[in-house]
Amino acid sequence: MNDKIIYDITPFTHLDYPNKLAAIVWFCGCNMRCIYCYNSDIVFSKEGEYTPKELIAFLKKRVGLLDGVVLSGGEPTLYDLLPLCRQIKEMGFSIKLDTNGTHPDVVKELVTEELVDYIALDFKAKNGKFGYITGSSRFDKFTETLDFLIQRAFDFEVRTTVHPDLLQPEDINQMMEELKSRGYRGPYYLQKFIKTNNNIGDIGEPITCFDTTKLSNLLPIVWR
Ligand code: SF4
């Protein structure tokens, strides 16, 4: 495998990791093709700017300046994250993982080995729309990750990107029902679709209205 698996590094953010100053590591490639994704450059990249070794060298210079590291992409769990996370933790950083949840084995290993501190889990869509929106048939893998994190009482959040032509309030309500029935009790983060020149699908600004008054109050909703 090409060693330059890191598309890019954002050296500093206070927005992506709750209550922490962090660097963001953008991993090349993804096993999904979400219609609304605006990171197509990263999703389709086969070679990035940095190797894991170069990332570690970069982070060594940030000890004492940053609190944490966000592993994002693309989909970080496409890679063997264990050795990398071990080195990052040894330097004293907290680790947040952004994931679509389709590699439960990787998530389970990281959580069990205490090599990750916080996870942002994408809930792309309910089962009936999951394949269409993501191009993936791994809904059952997503729910395996979700169930595992709930059962472990792990510190994580669930988030969904909302494009009203793809997801309507009744879809979101069904997704909340699913989350609640599986035992999730945290906030449900809804992110508004962002139109760029790089969206993977041929999708524009929504033509459908999203009536937020139709959303149920099954879970506390936080818009981003
Ligand atoms: S939005 Fe979808 S396609 Fe884009 S990086 Fe995330 S999971 Fe991959």
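Described in the following lines is the structure provided in the data block. As the structure is a prediction and not an experimental result, all values here were calculated from the model.

## Points about the overall build of the chain
- The helix and strand tally for the chain stands at seven helices and eight strands.
- A compact globule built from 224 residues should have a C-alpha radius of gyration of about 17 Å, and the chain, at 17 Å, falls within 12% of that.
- If you line up the chain on its principal axes, its C-alpha atoms span 50 × 40 × 30 Å.
- Within the span of the chain, comprising 224 residues, buried residues form 38% of the whole.
- Counting only contacts in the chain whose residues sit at least 6 apart along the sequence, the fraction spanning at least 24 positions is 77%.

## Overview of the site of the ligand
- Around the ligand lies a shell formed by Cys30, Met32, Arg33, Cys34, Cys37, Asn39, Val43, Gly73, Gly74, Glu75 and Asn100.
- Residue composition of the shell around the ligand, by class: five nonpolar, four polar and two charged.

## Details of the packing of helix H4 (residues 104–112) against helix H6 (residues 139–151)
- Where H4 contacts H6, the axes come no closer than 9 Å and their chain directions differ by 20°. As the angle between them shows, H4 and H6 are arranged roughly parallel. When you trace H4 past H6, the crossing you get is right-handed. Seen from H4, the contacting residues are Pro104, Val107 and Lys108; seen from H6, they are Lys141, Glu144, Thr145 and Phe148.

## Points about the pairing of strand E2 (residues 22–27)
- E2 sits mainly inside the fold: six of its six residues count as buried.
- Every second residue of E2 is oriented toward a common face, with Ala22, Ile24 and Trp26 on one face and Ala23, Val25 and Phe27 on the other, all of them buried.
- Across five bridges, strand E1 (residues 6–13) lies against E2 in antiparallel orientation. Directly across from Thr13, in E2, lies its bridge partner Ala22.

## As for H6
- For H6, with 13 residues, the first-to-last C-alpha span of 18 Å sits near the 18 Å given by 1.5 Å per residue.
- Along H6, the residues classified as buried are Phe142, Thr145, Leu146 and Leu149. Angular distribution of buried residues about the axis of H6 spans 100°; they occupy a single face of the element. Opposite the buried face of H6, by more than 90 degrees, sit the exposed residues Asp140 and Gln151.
- Phi turns positive, to about 55°, at Ala153, one or two residues after H6.

## Considerations on the sheet that holds strand E5 (residues 118–122)
- The eight strands lie next to each other as E1-E2-E3-E4-E5-E6-E7-E8, forming an open sheet whose pairing is mixed. The sheet is open, and its two borders are formed by E1 and strand E8 (221–223), each paired with just one other strand. Shown here is a sheet whose adjacent strand axes are inclined to one another by a mean of 20°, direction ignored.
- Here strand E4 (residues 94–99) runs beside E5; their pairing, made up of four bridges, is parallel. Considered in E5, the bridge of Asp98 is made with Ala120.

## Some remarks on unusual backbone geometry
- For the bond from Gly73 to Gly74, the omega torsion is 20°, close enough to zero to count as cis.
- As for its position among the elements, Gly74 is in the loop between strand E3 (68–73) and helix H3 (82–90).
- A positive phi angle, close to 65°, is found at Asn19, a residue other than glycine.

## Examining the nonpolar core
- Counting 58 residues, the largest nonpolar core has Ile6, Val25, Phe27, Val69, Leu71, Ile95 and Leu110 as the members making the most contacts within it.
- At six residues, E2 tops the list of elements feeding residues into this core.
- In contact with Leu110, other than residues within four places in its own chain, are Leu81, Leu82, Cys85, Leu97, Leu115 and Val116.

Reading the values: rules and limits
- Residues numbered from 1 in each chain as written.
- Predicted model: local features only at pLDDT ≥ 70, side-chain atom pairs only at ≥ 80, totals over all residues.
- Helix = DSSP H or I, 4+ residues; strand = E, 2+ residues; numbered from the N terminus.
- Rg over C-alpha atoms; globule rule 2.2 N^0.38 Å.
- Buried ≥ 20, exposed ≤ 12 C-beta atoms within 10 Å, placed from the backbone.
- Contact = placed C-beta atoms within 7 Å.
- Near = placed C-beta within 6 Å.
- Nonpolar A, V, L, I, M, F, W, Y, C, P; charged D, E, K, R; others polar.
- Axes fitted to C-alpha atoms, helices over the stretch in contact; angles between N-to-C directions.
- Parallel < 35°, antiparallel > 145°, perpendicular 65-115°, else oblique.
- Left-handed = near helix turned anticlockwise from the far one by under 90°.
- Pairing = 2+ DSSP bridges.
- Expected span 1.5 Å × (residues − 1).
- Arc of directions from axis to C-beta.
- Core = buried A, V, L, I, M, F, W, Y, C linked by C-beta atoms within 7 Å.

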